[in-house]
Amino acid sequence: MSTLLTLFSGLAIAAGVVFFIAGSVALLRFPDPLSRLHALTKADSLGLGLIVLGLLPWAGGWLPALKLILVWVLVLLAGATATQLIAERLRREGPPR
């Protein structure tokens, strides 16, 4: 069972890293700020979620696992709030020149 758990954790963490890389590529390649912001927020949220999922079996108890989940939820909330604020400013003022 430990080998299967290690394989699952490794795959989840690797998938999370792939999403982080995809978000970084989208940040560099997409044409306008709103599409960059959307792609980066989605990729980072999913990437961190997969990494947390991969780390949960090795957390060592329910309290460290709860802390990992809480960090992920706080990053989701902060990312959504920051994205909304940036998008609202871009809508009002237009993209920076």
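The structure this text deals with has already been given above.
Not measured: the values here are computed from a predicted model. (Residues numbered from 1 in each chain as written. Predicted model: local features only at pLDDT ≥ 70, side-chain atom pairs only at ≥ 80, totals over all residues. Heavy atoms only, no water.)

## Some points on the overall build of the chain
Here is step 1: From N to C terminus, the chain includes 3 helices and 0 strands.
Here is step 2: Element order for the chain, N to C, with α for helix and β for strand: α-α-α.
Here is step 3: Since a compact globule built from 97 residues should have a radius of gyration of about 13 Å, the 16 Å found for the chain marks it as more spread out than a globular shape.
Here is step 4: Principal-axis analysis of the C-alpha atoms gives the chain an extent of 55 × 25 × 10 Å.
Here is step 5: Taking the intrachain contacts of the chain between residues at least 6 apart in sequence as the baseline, contacts between residues at least 24 apart amount to 67%. (Helix = DSSP H or I, 4+ residues; strand = E, 2+ residues; numbered from the N terminus. Rg over C-alpha atoms; globule rule 2.2 N^0.38 Å. Contact = heavy atoms within 4.5 Å.)

## Notes on the packing of helix H2 (residues 33–55) against helix H3 (residues 62–93)
Here is step 1: The contact between H2 and H3 brings their axes to 10 Å, and the two run at 180°. As far as their axial angle goes, H3 and H2 are roughly antiparallel. Where H2 approaches H3, its residues Pro33, Leu34, Leu37, Thr41, Ser45, Leu48, Gly49, Val52 and Leu55 are matched on the opposing element by Leu68, Ile69, Trp72, Val75, Leu76, Gly79, Thr83, Ile86, Ala87 and Leu90.
Here is step 2: Of the residues contributing to the contact of H2 with H3, the split by class is 14 nonpolar, 5 polar and no charged. (Axes fitted to C-alpha atoms, helices over the stretch in contact; angles between N-to-C directions. Parallel < 35°, antiparallel > 145°, perpendicular 65-115°, else oblique. Nonpolar A, V, L, I, M, F, W, Y, C, P; charged D, E, K, R; others polar.)

## Examining the environment of Leu5
Here is step 1: In this structure, Leu5 sits in helix H1 (residues 2–29).
Here is step 2: Since its relative accessible area comes to 33%, Leu5 is described here as partly exposed.
Here is step 3: C-alpha of Leu5 to C-alpha of Trp58: the two residues are 53 residues apart in sequence and 9.2 Å apart in space.
Here is step 4: Look past the residues within four positions of Leu5 in its chain and what remains in contact with it is Pro57 and Trp58. (Buried < 20%, exposed > 50% of the residue type's maximum accessible area, 1.4 Å probe, protein only.)

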